[in-house]
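Below are the chains, spelled out letter by letter.
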Amino acid sequence: MSILQYTGPSPFYKELAEVPLPISADFVQLSSTATVIRVTYAIRDHERKTKRSVTKTFTLSRPELAEDGFEPILTSTAAQDASDIQAFAVSPSKKYQAILREVADANSKKRFVEIWTDLQVVASLDVTKLHGQFHTDDVFKSLAFSPSETALIYTAEANPDTEGDIQDDPYPNLQFKPDFGESLFNRQRPTLFMLRWRSPVDKSSIARVAKKEMSLTALTLPQSLSDTIVLGQAVFATEERIFTTGYEKTLDGRFLGIKWCSNRPASIWELMLPAVDPTTESSLGTSSVCTAVKIEVPGRSSRSPRVLYGMDGKAKQLFWLSHPVGGPHMACSSLHVRDLVGGTEDRVLVHGISGCEGDQFPGLYTDFNLLANPFIYNMTPSVVLQTCWRSSATIVSVQVETGDISHERMWFGGSPSEGWTVLVTDGVSRMVCSKSSLTSPPKLVLLTLNRGREWIRTVLDRSIVSPEMEEALGDLAMSVIPIPDRHPTETIVLKPKKAAAAAGPRPYCVTIPHGGPHSVYTTSFAPAVTALALEGYTISMPNFTGSVGFGDKCVHKLLGHIGTLDIGDCIAAVEELIKLGISESGRQLVQGVSHVIGQYPDVFKAAVMQNPVTSLGEFASSSDIPDFPFVEMGVPYAPGTCVPVTPDVYKTLYEASPIAHVDSVRTPVLVIIGEGDRRVPPTQGKNYFHALKGRGREVEMLTFPGEEHAFEGVEACRIGYEAMRDWFGIHARD
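Residues numbered from 1 in each chain as written. Predicted model: local features only at pLDDT ≥ 70, side-chain atom pairs only at ≥ 80, totals over all residues. Heavy atoms only, no water.

J.: What exactly am I supposed to notice about the overall build of the protein chain here?
T.: A count of helical and extended segments in the protein chain gives 15 helices and 38 strands. In summary, the protein chain has a C-alpha radius of gyration of 26 Å against a globular reference of 27 Å for 734 residues, a match within 12%. In terms of its C-alpha atoms, the protein chain occupies a principal-axis envelope of roughly 80 × 75 × 55 Å. Scored against the burial criterion, the 734 residues of the protein chain give a buried share of 56%. Taking as baseline every contact in the protein chain between residues at least 6 positions apart, the subset at least 24 positions apart corresponds to 63%. For the protein chain, the accessible surface area stands at approximately 30,600 Å², while carbon and sulfur atoms represent 52% of it. (Helix = DSSP H or I, 4+ residues; strand = E, 2+ residues; numbered from the N terminus. Rg over C-alpha atoms; globule rule 2.2 N^0.38 Å. Buried < 20%, exposed > 50% of the residue type's maximum accessible area, 1.4 Å probe, protein only. Contact = heavy atoms within 4.5 Å. Areas by Shrake-Rupley, 256 points an atom, 1.4 Å probe, with all protein chains shown as cover.)

The structure is reproduced here in structure tokens:
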């Protein structure tokens with residue numbers, strides 16, 4: 001009989017997990033009298049057991065007068081369900097809105113591309129039979145208007161060849177087609193599509209366009225490139241000139257898994273479209289071969305092209321991000337710029353940072369994409385990004401001419417305990433952001449640069465929680481504690497104030513090392529972490545050697561030492577909290593990192609592991625990122641060479657694996673497995689479970705069909721949290 005018994009719903013998790021999270025925003029109207037902002041929120045609906053998308057519109061009067069003491073009049077609409085909207089974009093003039101819509105139709109789904117102006121549909125096209133699903137992920141998403149606002153480019157899955165195309169040849173449909181791994185396994189033929197509903201010379205008309213007058217064209221590369229390059233992230237520079245990211249197939253015929261990996265072979269490409277002949281009859285479902293020129297940046301993986309337009313409306317400069325090819329899957333990014341109107345050479349605006357001291361700028365550790373319009377004019381044009389700066393999420397701006405960097409703490413004295421996410425800029429002097437912390441759900445904030453060049457904050461929206469939850473959150477205290485002699489390691493601590501101050505034993509402490517290993521914990525809102533603290537636990541989230549946001553020297557220092565240096569940092573964090581009286585020996589729990597319980601079998605009273613890496617030798621031949629174990633252990637690996645796991649290499653990988661220490665494990669373990677995990681194959685956790693079970697250890701395992709490496713399902717996340725709570729509850733009894 002299982003010792004894991006369900007104790008019922010958590011009084012904290014559900015409410016916190018259902019807090020609406022602002023995930024995107026758009027300035028849909030700008031004038032001297034009003035600003036209108038459309039914000040999209042993601043909501044976990046436990047009743048329907050699904051994620052939902054809702055939008056809310058905010059109107060501010062006379063925002064250009066913003067100054068200290070001035071409060072603009074703010075109104076907002078009720079939230080509207082927008083779950084059928086896959087993507088939304090506003091044209092540069094704010095006159096048009098583009099929507100990629102997917103709606104359920106009996107047992108299938110129908111897809112539409114729509115162009116709106118105010119409440120009027122200008123163009124609408126049913127594209128269900130013309131291509132497959134829209135691609136709106138960070139890797140492939142395109143949704144951009146042409147300068148004339150008469151064409152739209154987006155990314156979708158091309159239809160497979162039809163029986164008529166292949167005739168009697170059975171092989172094409174059976175031929176191996178590589179995909180992009182974790183979360184992107186259904187991307188095999190991502191393709192750029194251009195919808196044109198009106199000739200650029202007729203751009204002033206707003207009359208509805210008939211279907212027969214529209215054209216939908218798949219943009220393709222020359223045959224010499226099309227078999228090895230897949231395009232995404234496209235933007236217009238002119239009506240005929242497009243910049244896009246091209247992801248490159250490796251020599252051994254695969255696309256390395258790219259989710260959470262910025263080091264994959266990729267480049268920025270310049271595409272020239274064939275000239276539009278206004279006398280040619282419009283057509284749907286055609287393709288057009290583009291002239292393609294690669295922007296060469298040797299040794300770099302380039303992504304996310306963005307175009308800065310001048311005051312005359314012409315493309316002025318091209319910006320993009322880059323990351324070293326190979327090596328750690330996540331490290332410091334660089335920001336590049338190319339002059340599109342002059343003859344100056346490309347330059348790197350922000351270089352990677354190796355080491356940094358104290359709170360110095362550690363380099364750019366950005367999202368995979370820049371904002372759709374990342375520009376503001378702070379005296380001179382600047383690029384706005386969000387980045388990890390040690391243990392906090394921060395907004396920075398980079399001056400286009402000088403590369404000088406400023407950040408929100410310089411602008412208005414922000415605190416490292418707050419996490420900031422920038423959602424959109426207006427291209428001039430305003431941006432909409434989300435601000436949160438582990439003790440405070442998100443607030444939606446408008447930042448406005450006033451005439452005195454000061455940033456003024458206006459709260460547009462606040463998360464609403466129950467009075468009971470408000471009181472409970474008030475009992476939590478958060479701090480960031482440096483770990484002596486392990487620089488730059490630090491741990492984020494979240495603890496219940498009353499329980500920590502009470503007489504008697506300290507609350508049990510749950511250490512939660514992050515995955516990756518090149519990732520980072522920040523002080524931003526995390527419902528499951530906060531809920532667990534409200535259950536009465538102290539939470540410790542160490543950012544160990546190898547974490548991003550501390551300079552690239554910290555990232556690279558872990559290579560060759562995974563399973564020792566990172567684990568040593570985590571144990572040092574445990575010991576430091578005991579020394580400080582925050583926790584105490586014998587009252588320790590751990591969630592994640594399967595290494596630690598084998599190497600330190602007497603430290604933790606219980607452990608929970610979700611999709612753990614347990615055997616690096618087997619991982620190398622079964623994961624979508626086969627380079628990972630080689631890179632992390634300092635074994636040479638060149639992308640595309642399909643390095644064999646020789647006996648000597650296997651020995652090195654085995655000795656660095658948790659399975660090598662399985663005989664020493666004494667800690668009761670709960671293993672949680674997502675059956676659809678392409679990053680860490682389910683056999684890793686299952687084999688570890690069987691190894692522990694066969695040795696008579698206390699171990700349980702839950703498996704979740706369809707869930708991937710990071711659980712996304714509403715029910716799976718809830719049950720996974722409650723299973724962790726119940727497992728700890730069994731083994732943390734006084």
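On we go.
J.: Explanation requested: the side chain of serine 623 in the structure shown.
T.: Among the secondary structure elements, serine 623 is positioned in the loop between helix 11 (616-619) and helix 12 (628-632). In terms of polar contacts, serine 623 uses its side chain to reach the backbone amide nitrogen of isoleucine 625, at 3.0 Å. If near-sequence neighbours (up to four positions away) are discounted, serine 623 is found in contact with Arg678, Arg679 and Pro681. (Polar contact = N/O pair within 3.5 Å; in protein donor to acceptor, adjacent residues only side chain to side chain.)

J.: How should the nonpolar core be read in this particular structure?
T.: Across soluble globular proteins, you tend to see nonpolar side chains buried next to one another. Grouped together as the largest cluster of nonpolar side chains are 42 residues, with contacts concentrated most on Val510, Leu534, Tyr537, Ile539, Met541, Leu589 and Phe728. Elements with a contribution of two residues or more to this core: helix 1 (13-17), helix 5 (467-474), strand 32 (490-496), helix 7 (527-534), strand 34 (538-543), strand 37 (669-674) and helix 15 (714-731). No other element matches helix 15, which puts seven residues into this core. Discounting residues that sit within four places of it in the chain, leucine 534 has contacts with Phe12, Leu16, Met469, Ala472, Leu473 and Leu476. Counting 24 residues, the second-largest nonpolar core is a separate cluster that includes Ala89, Leu125, Leu195 and Trp197. (Core = buried A, V, L, I, M, F, W, Y, C linked by side-chain atoms within 4.5 Å.)

J.: Any chance you could explain the pattern of salt bridges here in plain terms?
T.: Close approach of charged atoms lets side chains of opposite charge pair. This structure, assessed with the given rule, holds 28 salt bridges. A salt bridge links aspartate 426 to arginine 430, with the shortest nitrogen-to-oxygen separation between them at 2.8 Å. By the burial criterion, aspartate 426 is buried, and arginine 430 matches it. In this structure, the salt-bridge partner of lysine 686 is glutamate 675, at a minimum N-O distance of 3.0 Å. With a gap of eleven residues between them, lysine 686 in helix 14 (residues 682-694) and glutamate 675 in the loop between strand 37 and helix 14 connect regions that are remote in the sequence. Here glutamate 675 falls in the partly exposed class, since its relative accessible area comes to 32%. (Salt bridge = Lys/Arg side-chain N within 4 Å of Asp/Glu carboxyl O.)

J.: In this structure, what is going on with the sheet that holds strand 18 (residues 291-295)? I would like to understand it.
T.: Think of a sheet as strands paired side by side through backbone hydrogen bonds, with each pair either parallel or antiparallel. Ordered by their spatial adjacency, four strands build an open sheet running 14-15-16-18, and the pairing between neighbours is antiparallel. Each of the sheet's edge strands pairs with one partner strand only, and the pair in question is strand 14 (229-236) and strand 18. Direction aside, neighbouring strands of the sheet carry axes that sit 30° apart on average. Judged from the seven bridges that link them, strand 15 (residues 241-248) and strand 16 (residues 266-272) form a sheet pairing that is antiparallel. Within the sheet, the bridge partner assigned to phenylalanine 243 lies in strand 16 and is glutamate 270. (Pairing = 2+ DSSP bridges. Axes fitted to C-alpha atoms, helices over the stretch in contact; angles between N-to-C directions.)

J.: Looking at this model, I keep getting lost on the packing of aromatic side chains. Mind explaining?
T.: Where two aromatic rings form a pair, the distance of their centres and the angle of their planes describe that pair. Counted under the stated rule, the structure contains 15 aromatic pairs. Counting every residue linked through ring pairs, the aromatic cluster contains Phe140, Phe180, Tyr247 and Phe255. Over the ring of phenylalanine 88 we find arginine 38, and its NZ or CZ is 3.7 Å from the ring centre. Directly above the ring of phenylalanine 368 sits arginine 303, whose terminal nitrogen or CZ lies 5.1 Å from the centroid. (Phe/Tyr/Trp six-rings, centres within 6.5 Å; stacked < 30°, edge-to-face > 60°. Lys NZ or Arg CZ within 6 Å of the ring centre and 35° of its normal.)

J.: How should I be thinking about the side chain of serine 301 in this particular structure?
T.: Tracing the backbone shows serine 301 in strand 19 (residues 300-309). A polar side-chain atom of serine 301 sits 3.5 Å from the main-chain carbonyl oxygen of serine 262. For serine 301, the contacting residues outside a window of four places in its chain are Ser262, Asn263, Arg264, Ala266, Leu321, Ser322, His323, Pro324 and Val325.

J.: Can you help me understand the sheet that holds strand 22 (residues 347-350) in this one?
T.: Taking strand neighbours across the sheet as the criterion, the four strands line up as 19-20-21-22 in an open arrangement whose pairing is antiparallel. Of all strands in the sheet, those with a lone pairing partner are strand 19 and strand 22, marking the two edges. Looking at each pair of strands side by side, their axes are set apart by 30° on average, direction ignored. Strand direction decides the pairing type here: strand 19 and strand 20 (residues 315-324), joined by eight bridges, are antiparallel. Looking at the pairing, valine 307 lines up with leucine 318 of strand 20.

J.: In this structure, what is going on with the state of the cysteines? I would like to understand it.
T.: Linking two cysteines covalently through their sulfur atoms gives a disulfide. Within the structure shown, the criterion is met by zero disulfides. Cysteine cysteine 433 is unpaired, with the sulfur of cysteine 388 as its nearest cysteine sulfur at 15 Å. Lacking any disulfide linkage, cysteine 509 is separated from the closest cysteine sulfur, that of cysteine 570, by 12 Å. Taking the relative accessible area as the measure of exposure, cysteine 509 reaches 1% and is therefore buried. (Disulfide = S-S within 2.5 Å.)

J.: Looking at this model, I keep getting lost on the environment of proline 178. Mind explaining?
T.: Mapped onto the fold, proline 178 is located in the loop between helix 2 (163-166) and strand 12 (190-196). Classification of proline 178 by relative accessible area gives buried; the value is 10%. Between the C-alpha atoms of proline 178 and leucine 256, which are 78 residues apart in sequence, the distance is 9.1 Å. When neighbours within four sequence positions are excluded, proline 178 is seen to be in contact with Arg187, Gln188, Lys249, Gly253, Arg254 and Phe255.

J.: For this particular structure, what's the right way to read the pairing of strand 21 (residues 334-339)?
T.: Both faces of the sheet carry side chains from a regular strand, because those side chains alternate between them. The pairing of strand 20 with strand 21 spans six bridges and is antiparallel. Following the sheet pairing, glutamine 317 is matched in strand 21 by aspartate 339. Sheet topology note: the strand 21/strand 22 ladder contains three bridges and is antiparallel. From the neighbouring strand, valine 337 faces strand 22, where its bridge partner is arginine 347.

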